[in-house]
Amino acid sequence: MIDSSLFAIRLLVLVLAATPLIYYLLALYCVIDYFGSLRKLPPRNDTFAPPVSILKPVRGEDHHAYENFASYCRLDYPDYEIVFAMADPHDPVIPVIRKLQQDFPATPIRFVTEVPRIGENNKVNNLCRLVKAANHDLLVMTDSDVRVGRDYLRDVVAPFTDKAVGAVTSFYRCAGGGTLAADLDMLGMCMDSVPSALVARRLEGRVQFAFGWTMATTKERLAEIGGWEAMANHHSDDFELGNRIAGKGHRVELMREPVSMVFPKEGFGEFVRHELRWSIGLRNVRPAGYAGMIFTHGLPWAILAAAIAAAAGWASLAVFYLAAYLILRVGLAYAAGVWGLGDRNVASKLLLAPVRDAVSAAVWCAGFFTDRITWRGLEYRVRNGLLGPIRDAQTEGIARPEGNARGVK
């Protein structure tokens, strides 16, 4: 009886341990299918070029801020403006913007201050102000650590030739960094963000989210969902934008080309903290999906399965689980990062995949036990997707700075 029960438990664990491998196979299929279909698309239609307002909510001077901003001033596009917003009229980023105005006199560049405090999300407060300041109907919003190529706006606007499209977003490839934390951050895009987004797109039949690296929509579509004002207390503003626009029956499309993310030389602790912040946000906007991620963390399952198989004397099965995990995980990272996104930096970091997975699994577990995040040195609680400040004897009465961690993300 004991032997049969033990065998049943072992068999159950081995079956459950196979689910991440099945997920990786599904993700690999979705990645190959999506990027393969991109390569078969006809040439982009560049005759469609409506005027665009690029909106940049900022606070402080971020890593390589001038070059990041300057990339938007070199775009091959006939009619666009760049508008920055910061709450502090003495923000250290203002001299950087003034230098842009001097260096690129042909590009309309403005900045606005006096940002009203509408909610707890300071990035969204800036966006509310920016939408009012924008001269054009088509709005393109990006984070301050994003750098783009000359054809960026042409890639962004192309999907809007279809009136059914309500928003456009993008993936990213890595630029900068150079630390272990930055390398692990880079791997997160091709190991987690791209595969999970494309699996969700396949299973749900459409994209129902957006990424802060690029969020494009029109004033009309934004007004349909109550404007940014309706999201001023939400933690995951990018997800909310895409989800609400999709909820109105409009399509959310992905750009053909990824943008570039300029990673700072952050420490490991900083990396873990912002990973935890994103995990807590995801748990709040998709709680069932977050819980289901237990079957996407292949490393702990592979180790558990290998240990059980080895203890039972099934050495070949133990090797199979470990080898299958490593091959599928590295293969997925290569397919999404190197082949799909064209990110050559990923190729030399593939063997860090298990390290990235170990951190991701630990952060995912931690995300169940806390709702507190740190954002620009201040602590918040995230409940039901909403930000709430934590006020105590140390923070009560202290002026609350605008902006948030890692640029404006």
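The residue count restarts for each chain, going from 1 along the sequence in the order it is written. Confidence filtering applies because this is a predicted model: local features only for residues at pLDDT of at least 70, side-chain atom pairs given and counted only at 80 or more, and all residues used for totals across whole chains, interfaces and linings. As a convention, hydrogens and water are excluded, and side-chain values are obtained from all of the structure's heavy atoms.

**Quick look at the pattern of salt bridges**
Pairing between side chains of opposite charge can happen when the charged atoms of each approach one another. In the sections that follow, a salt bridge refers to a side-chain nitrogen of Lys or Arg positioned within 4 Å of a carboxyl oxygen of Asp or Glu. Tallied over the entire structure, the rule returns 26 salt bridges. In this structure, the salt-bridge partner of D357 is R329, at a minimum N-O distance of 2.8 Å. Here R329 lies in helix α13 (residues 315-340) and D357 lies in helix α15 (residues 353-366), a separation of 28 residues in the sequence. Each member of the pair, D357 as well as R329, carries the same accessibility label: buried. The partner of R383 in a salt bridge is D371, with the nearest N and O atoms 3.0 Å apart. One end of the pair, R383, is in strand β12 (residues 378-383); the other, D371, is in the loop between α15 and β11 (372-375), with 12 residues separating them in the sequence. Secondary structure follows DSSP: runs of H or I at least 4 residues long count as helices, runs of E at least 2 residues long count as strands, and numbering of each begins at the N terminus. The classification of residues rests on relative accessible area computed with a 1.4 Å probe and restricted to protein chains. Under 20% of the type maximum is buried, over 50% is exposed, and intermediate values are partly exposed.

**Details of the confidence of the model for the protein chain**
As a per-residue measure, pLDDT tells how confident the predictor is, with possible values from 0 to 100. Per-chain confidence: the protein chain averages 90 in pLDDT, with 93% of residues scoring 70 or above. In what follows, residue pairs with any heavy atoms lying within 4.5 Å of each other are defined as contacts. Note that pLDDT drops below 50 for residues 392-409; the model gives that stretch 48 contacts with residues more than four away or on any other chain.

**Digging into α15**
Multiplying 1.5 Å by the helix residue count minus one yields the expected span of that helix. The terminal C-alpha atoms of α15, which comprises 14 residues, lie 20 Å apart, in line with the 20 Å expected from a rise of 1.5 Å per residue. Those residues of α15 lying buried are A353, R356, D357, V359, S360, A361, V363 and W364.

**Here we look at the nonpolar core**
Here the nonpolar core consists of buried residues drawn from Ala, Val, Leu, Ile, Met, Phe, Trp, Tyr and Cys, with membership extended through side-chain atoms lying within 4.5 Å. Within the largest apolar cluster, 112 residues are counted, with the highest numbers of intra-cluster contacts made by Y152, F171 and W228. Among the elements that make up this core, the one with the highest residue count is helix α7 (residues 180-204) (11 residues).

**Re the pairing of strand β6 (residues 165-169)**
Judged by how many residues are buried, β6 sits mostly within the fold: 5 of 5 residues are covered. Across 4 bridges, β6 lies against strand β9 (residues 251-254) in parallel orientation. Considered in β9, the bridge of V168 is made with E253. Paired strands, as defined in this entry, are two strands with at least two bridges between them according to DSSP. Alignment of β6 against strand β8 (residues 215-218), held across 3 bridges, turns out to be antiparallel. Residue A167 lies in a different strand from β8, and its bridge partner there is T217.

**Examining the sheet that holds strand β3 (residues 109-112)**
One open sheet accounts for 7 strands, arranged β3-β2-β1-β4-β8-β6-β9; its pairing is mixed. In this open sheet, the two edge strands, each paired with only one partner strand, are β3 and β9. Mean inter-strand twist for the sheet, computed between neighbouring axes without regard to direction, equals 25°. Axis lines are fitted to C-alpha atoms, over the contacting stretch for helices. Their N-to-C directions set the angle, which ranges from 0 to 180 degrees. Helix-sheet contacts for helix α4 (residues 94-103) involve β2 (80-85) and β3, and the interaxial angle to β3 is about 155°.

**A short note on the packing of helix α2 (residues 19-38) against α7**
Following both chains from N to C, one finds α2 and α7 inclined at 85°, their axes separated by 9 Å at the closest point. Looking at the two axes, α2 sits roughly perpendicular to α7. For the pair α2 and α7, contact is made by Y23, L26, A27, Y29, C30, V31, D33, Y34 and F35 and by V194, P195, S196, L198, V199, R201 and R202, respectively. Every angle not falling under 35 degrees, over 145, or within 65 to 115 is termed oblique; those three ranges are roughly parallel, roughly antiparallel and roughly perpendicular.

**Regarding the packing of aromatic side chains**
Stacked, tilted and edge-to-face are the three classes assigned to paired rings of Phe, Tyr and Trp, where Trp is represented by its six-membered ring and a pair needs centres within 6.5 Å; plane angles under 30 degrees give stacked, over 60 edge-to-face, the rest tilted. Enumeration over the complete set of coordinates arrives at 19 aromatic pairs. Ring geometry for F171 and F211: centres 5.8 Å apart, planes at 45°, overall tilted. Note that F171 is positioned in the loop between β6 and β7 (172-176) and F211 in the loop between α7 and β8, a separation of 40 residues in sequence. We note that F171, like F211, is buried. Aromatic pair F211 and W213: ring centres 4.5 Å apart, planes at 25°, arrangement stacked. Note on accessibility: F211 and W213 belong to one class, buried.

**Remarks on the packing of helix α12 (residues 298-311) against α13**
Contact pair α12 / α13: the axes reach a minimum separation of 7 Å and the direction vectors enclose 170°. Judged on the interaxial angle alone, α13 and α12 are roughly antiparallel. The segment α12 lies against α13, with G298, L299, A302, I303, A305, A306, A309 and A310 engaging A315, L317, A318, Y321, L322 and Y325. For this classification, Asp, Glu, Lys and Arg are treated as charged, while Ala, Val, Leu, Ile, Met, Phe, Trp, Tyr, Cys and Pro are nonpolar and the rest, including Gly, are polar. Per-class residue counts for the contact of α12 with α13 are 13 nonpolar, 1 polar and no charged.

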